[in-house]
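# Structure assessment
Chain by chain, the residues:
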Amino acid sequence: MPGVSARGLSLEERRQLAVDLTRVLSLYRPLLDAYIIEFFTDSLWGTLPRSWQEALDGLDPPQLATLLLGMPGEGDVVRYRSVWPLTLLALKSTARALAFTRTPKFQTPSEFRENPSQSSRLKAPFRKHVRPKKQHEIRRLGELVRKLSDLTGCTQVVDVGSGQGHLSRFMSLGLGLRVKSIEGDQRLVQRAQHLDREVLQALEKEEKRNPQVVQTHSPRSPHHVVQWVDPGTLCEEVLLPLETSPRSEARLLLTGLHACGDLSVALLRHFSSCPEVAALASVGCCYMKLSDPGGYPLSRCVAALPGCELSYRLREGACHALEDYAERLQEAGPGLRTHCYRAALETVIRHVQPQLRRPGVQGIPRAHELKIEEYVQRGLQRVGLDPQLPLSRAALEAQQAQENRVVAFYSLALLLAPLVETLILLDRLLYLQEQGFHSELLPIFSPELSPRNLVLVATKRPLGPAFSVLETEDADAR
């Protein structure tokens, strides 16, 4: 998608972008705050301007992907069946113009061209137990961390929130970096250590089979530590060097692949507060888990702006993948009707028990294959209500007839979601810049594979043009 490139924006340009984003989000706050499951209970379609209703009514999912989200399928031609109101066209243009671009400099990754489940850029031991999405992510982020480590002279990488250690393992055993891996769940750490041994054994066997292959580094497993990192305080374990050299000589690079919620904020605070930390490469996610206050806003600039507040609903929406949803719209699969089914269920729940609002409904297997009344009956049972309650089939069928309207309203809200993510990430850039540090935001993953594909890179000395080296593919990838 086109949009704003975060690369090279001056402090003043970043501040102006924050002003523009808060103004736009304030203008469309009712649309963003709406819950799609309340489509019928709150008459959400009627909250749209009449001209928008007329433009969107009757559009099928592929048309919504092409005309509203601006993501036509292969061979599609953009043809409006009517003249759209300028306000709706302005919304569409603004949403695209103010969001950080998520398009990386490389083309769609060719690493899965021969086999969609195995990256051709990773050795077999690093692919085992790892899904294609994660294969792509650990390779791209690992290679970026290696380049950044070289540029900043870091002696050690600290992978915070490392989970099963896939990134740490690739950086240490695959790229030769000295890595400390920190994870709060002991079960995940034990699993990571088991996988380390598996990969080491596989690499040793490979070396015996191919003794002529010269190793560029001696295999060294990551050092795993069980430790929760509290976002509110500095974690001493993060800063401890692996070497026995004096602590003052340690130069650390902090990284986190999809550091959830406040964990990404903790990385920022360690970077800004600790002289040992020379660089940061963090990919955040789960914005709805940010502390309020504390996790956002971080910068003085954004905190001073009227309308900067982001509710749970807005932050949760920012985690959705626009590209993935556009693909679902193009396919027009029956799974899209689940939005409508859940909204219909909400009307029945509130009719029976008005004080019960938006209860969590555990996933109903193959919901889209059920008739709407069957879905409602199972949903009632999931929330502890009588599934045999009498239902108005006519009312449910009338709601199902509005399925495309429900999808259209959801698509409108999703169109604005990237603006929320942009404001959150922009706030982090401004926070670092206000303290005199140097930071950029780079799209390093393919957005079709990895929805959260923007990595925040920060250093304590300017890298200048060297930043461009970080986001390119290696020569052998082409």
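Residues numbered from 1 in each chain as written. Predicted model: local features only at pLDDT ≥ 70, side-chain atom pairs only at ≥ 80, totals over all residues. Heavy atoms only, no water.

## What to know about the overall build of the protein chain
Helix and strand counts for the protein chain stand at 19 helices and seven strands. Relative to its length of 478 residues, the protein chain is compact, with a C-alpha radius of gyration of 24 Å against a globular reference of 23 Å. On the principal axes, the C-alpha backbone points of the protein chain span a range of 75 × 50 × 45 Å. Counting over 478 residues, the protein chain shows a buried share of 54%. The contacts in the protein chain between residues at least 6 apart in sequence include a share of 75% that link residues at least 24 apart. Within the structure as shown, the protein chain displays about 21,600 Å² of accessible surface, and the carbon and sulfur contribution to it stands at 51%. The protein chain carries 58 positive and 54 negative side-chain charges, and their two centres are separated by 2 Å. (Helix = DSSP H or I, 4+ residues; strand = E, 2+ residues; numbered from the N terminus. Rg over C-alpha atoms; globule rule 2.2 N^0.38 Å. Buried < 20%, exposed > 50% of the residue type's maximum accessible area, 1.4 Å probe, protein only. Contact = heavy atoms within 4.5 Å. Areas by Shrake-Rupley, 256 points an atom, 1.4 Å probe, with all protein chains shown as cover. Lys, Arg positive; Asp, Glu negative; His and termini not counted. Charge placed at Lys NZ, Arg CZ, Asp CG, Glu CD.)

## Details of the domain arrangement of the protein chain
You can read the domains of the protein chain as domain 1 (11–103 + 321–416) and domain 2 (113–292 + 436–471). The straight-line distance from the C-alpha centre of domain 1 to that of domain 2 is 36 Å. If you look at the interface, domain 1 gives seven residues, while domain 2 gives 10 residues. Here domain 1 packs against domain 2, burying approximately 700 Å² in sum over the two surfaces, 52% of which is carbon and sulfur. Contact with domain 2 buries surface across domain 1, with Arg14, Arg102 and Glu323 losing the most and accounting together for 62% of the total. One can count one salt bridge joining domain 1 with domain 2. As a salt-bridge pair, arginine 14 and glutamate 440 come within 3.7 Å of each other at their nearest N and O atoms. (Domains from an automatic or database assignment. Buried area = accessible area lost by both parts, 1.4 Å probe. Salt bridge = Lys/Arg side-chain N within 4 Å of Asp/Glu carboxyl O.)

## Some remarks on the nonpolar core
Counting 116 residues, the largest nonpolar core has Phe39, Leu56, Leu88, Phe100 and Leu412 as its most contacted members. The dominant element in this core, judged by the number of residues it contributes, is helix 18 (residues 403–434), at 20 residues. Both domains that furnish three or more residues to this core are identified here as domain 1 (11–103 + 321–416) and domain 2 (113–292 + 436–471). Judged by nonpolar contacts, the second largest core, of 30 residues, contains Val157, Leu257, Ala279 and Ala281. (Core = buried A, V, L, I, M, F, W, Y, C linked by side-chain atoms within 4.5 Å.)

## Structural notes on the pattern of salt bridges
A complete count under the given rule lists 24 salt bridges for this structure. One salt bridge in this structure joins glutamate 323 and arginine 102, with 2.8 Å as the shortest N-O distance. Within this pair, whereas glutamate 323 is found in helix 14 (residues 322–331), its partner arginine 102 is found in the loop between helix 5 (86–98) and helix 6 (124–127), the two being separated by 221 residues in sequence. As far as burial versus exposure is concerned, glutamate 323 and arginine 102 are alike and both buried. In this structure, the salt-bridge partner of arginine 350 is glutamate 346, at a minimum N-O distance of 3.0 Å. Of the two residues, arginine 350 and glutamate 346 are both situated in helix 15 (residues 338–352); the distance of four residues between them amounts to about one turn of the helix. With relative accessibility at 0%, the residue glutamate 346 sits in the buried group. Through salt bridges with shared partners, a single network forms among Glu38, Asp42, Arg342, Glu346, Arg350 and Arg358.

## Overview of the pairing of strand 1 (residues 156–160)
Where a strand is regular, its side chains alternate between the two sheet faces. Of all five residues in strand 1, five are buried; the element is thus mostly enclosed. Alternating residues of strand 1 divide into Gln156, Val158 and Val160 and Val157 and Asp159, and every residue in both groups is buried. In terms of strand pairing, strand 1 meets strand 4 (residues 252–260) through four bridges, oriented parallel. Along strand 4, the bridge assignment pairs valine 158 with leucine 254. Inspection of the sheet shows strand 1 paired to strand 2 (residues 179–183) by four bridges, in the parallel sense. Its bridge partner lying in strand 2, valine 160 is registered against isoleucine 182. Crossover connection from strand 1 via helix 8 (residues 166–174) to parallel strand 2: handedness right-handed. (Pairing = 2+ DSSP bridges. Right-handed = clockwise from strand over helix to strand, strands pointing away.)

## Considering the packing of helix 8 against helix 9 (residues 186–209)
Each pair of packed helices can be described by the angle between their axes along with the distance between the axes. For the pair helix 8 and helix 9, the least separation of the axes is 10 Å and the interaxial angle reads 35°. Viewed along their axes, helix 8 and helix 9 form a crossing whose handedness is right-handed. For the pair formed by helix 8 and helix 9, the contact residues are His166, Arg169 and Leu173 on the first element and Ala192, Leu195, Asp196, Val199, Leu200 and Leu203 on the second. Across the contact of helix 8 with helix 9, the residue classes break down as six nonpolar, one polar and two charged. (Axes fitted to C-alpha atoms, helices over the stretch in contact; angles between N-to-C directions. Left-handed = near helix turned anticlockwise from the far one by under 90°. Nonpolar A, V, L, I, M, F, W, Y, C, P; charged D, E, K, R; others polar.)

## Remarks on the environment of glutamate 204
Mapped onto the secondary structure, glutamate 204 falls in helix 9. Once the C-alpha coordinates of glutamate 204 and arginine 140 are considered, the two residues, 64 residues apart in sequence, prove to be 24 Å apart.

## Quick notes on the sheet that holds strand 7 (residues 454–459)
Pairing is mixed in the open sheet, where seven strands are placed in the order 3-2-1-4-5-7-6. Edge positions in the open sheet fall to strand 3 (223–226) and strand 6 (438–443), since each of these has one partner strand only. The mean inter-strand angle of the sheet, taken between neighbouring strand axes irrespective of direction, is 15°. One ladder, built from eight bridges, connects strand 4 with strand 5 (residues 277–285); its direction is parallel. Bridged to alanine 259 within strand 5 is glycine 284. Sitting on the sheet, helix 7 (residues 132–152) touches strand 1, strand 4, strand 5, strand 6 and strand 7, and the angle it makes with strand 4 is about 155°. Contacts between helix 9 and the sheet are confined to strand 2 and strand 3, with strand 3 contributing the most and set at about 165° to the helix.

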